Every structure is written in structure tokens, then in C-alpha cells.
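Chain by chain, the residues:
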Amino acid sequence: LATAVALEVLSQLESGPWMQRGAKLGEGLRRLATDALAVGYPERIPKVEGTGASCAIEFHDARRALLCAQACLKQRLLVHYTGPNLTRVVLLPALTMSHSEELDAHDRLQRALTYSFDV
């Protein structure tokens, strides 16, 4: 049964709207993060990258990345605080998010990034 479910999930990922949905979600998050970070860190903008639904923010130091990760958690955004030097914060939203949930996630990310500038 588990194998049948896994095969159906793979089939849905290949033929369903999930890849396009993920690309749209990630593009929106990366654009929002880039714009917000340009305001908060005009002298040294963190790098924003990712593919599909992912949005990875690479800070120049671990302290700023930790502040961002903590601010995201306070906003109830689940993130991965990672990287070889703990300078990366990665968001990976669910592909099943509704449009209103997507807008809510954007608001939460904006608040988290703004908060992390001020600390």
C-alpha cells in the first residue's frame, strides 16, 4: 500500500499543477525577501536564491541569520536555519497553500524580516 501511495504521489508531481504552483510560490517569496532585504540592509544585501517553492536567504554572518530565523518562528513561519556557517535561512512552503494562506505567509515574512533589521 505504501508503495502504491508513493507511486501516485510521484505521478501527481509529474503530471499535476504542483511544479508550476511551487515555482509561483517560491518566486513570490524570493521577490518579497529581496525587496525587504534591500531596504533593511542597503549596504550589504543578503543573497536570496532558490528553485521551485524554496526561498533561501544567505546572510553575511550567523548572528543576522539566527535573528531572522527566530523572527520567522515568532511569526509562526517554519524555517530551516542551516548552512555550513549557519548563515542561511530557508523557507519551503507547502504546495497546497491557498491564495489567502500565501498572502498571510508573505505578511508574516515581511514582519519577520523587518523585525530582524531592528534588532
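Since the model is a prediction, treat every value here as computed from it, not as a measurement.

Another point: unusual backbone geometry. Across the chain, the bulk of peptide bonds are trans and the bulk of non-glycine residues have phi less than zero. The residue Arg76 is not glycine, and still its phi comes out positive at about 65 degrees. Its place among the elements puts Arg76 in the loop between α3 (62-74) and β3 (79-82). For Leu86, which is not glycine, the phi dihedral falls at a positive 55 degrees. Inspection of the secondary structure puts Leu86 in the loop between β3 and β4 (88-91).

Now for the nonpolar core. In a soluble, globular protein the nonpolar side chains are often hidden away together inside. Counting 25 residues, the largest nonpolar core has Leu37, Ile57, Phe59, Cys72, Val89, Leu109 and Leu113 as the members making the most contacts within it. Of all elements in the fold, only α2 (18-40), β2 (55-58), α3, β4 and α4 (99-118) reach the threshold of two or more residues within this core. Top element by residues in this core is α2. It accounts for six residues. Leaving out residues up to four positions away in the same chain, Phe59 has contacts with Leu37, Tyr41, Pro46, Arg64, Ala65, Cys68, Thr87 and Val89.

What follows covers the side chain of Glu58. Along the chain, the position of Glu58 falls in strand β2. At 2.3 Å, the side chain of Glu58 and the side chain of Thr87 are in polar contact. Discounting chain neighbours no more than four positions away, the residues touching Glu58 are Pro46, Lys47, Thr87 and Arg88.

Calculation notes
- Residues numbered from 1 in each chain as written.
- Predicted model: local features only at pLDDT ≥ 70, side-chain atom pairs only at ≥ 80, totals over all residues.
- Heavy atoms only, no water.
- Helix = DSSP H or I, 4+ residues; strand = E, 2+ residues; numbered from the N terminus.
- Core = buried A, V, L, I, M, F, W, Y, C linked by side-chain atoms within 4.5 Å.
- Buried < 20%, exposed > 50% of the residue type's maximum accessible area, 1.4 Å probe, protein only.
- Contact = heavy atoms within 4.5 Å.
- Polar contact = N/O pair within 3.5 Å; in protein donor to acceptor, adjacent residues only side chain to side chain.

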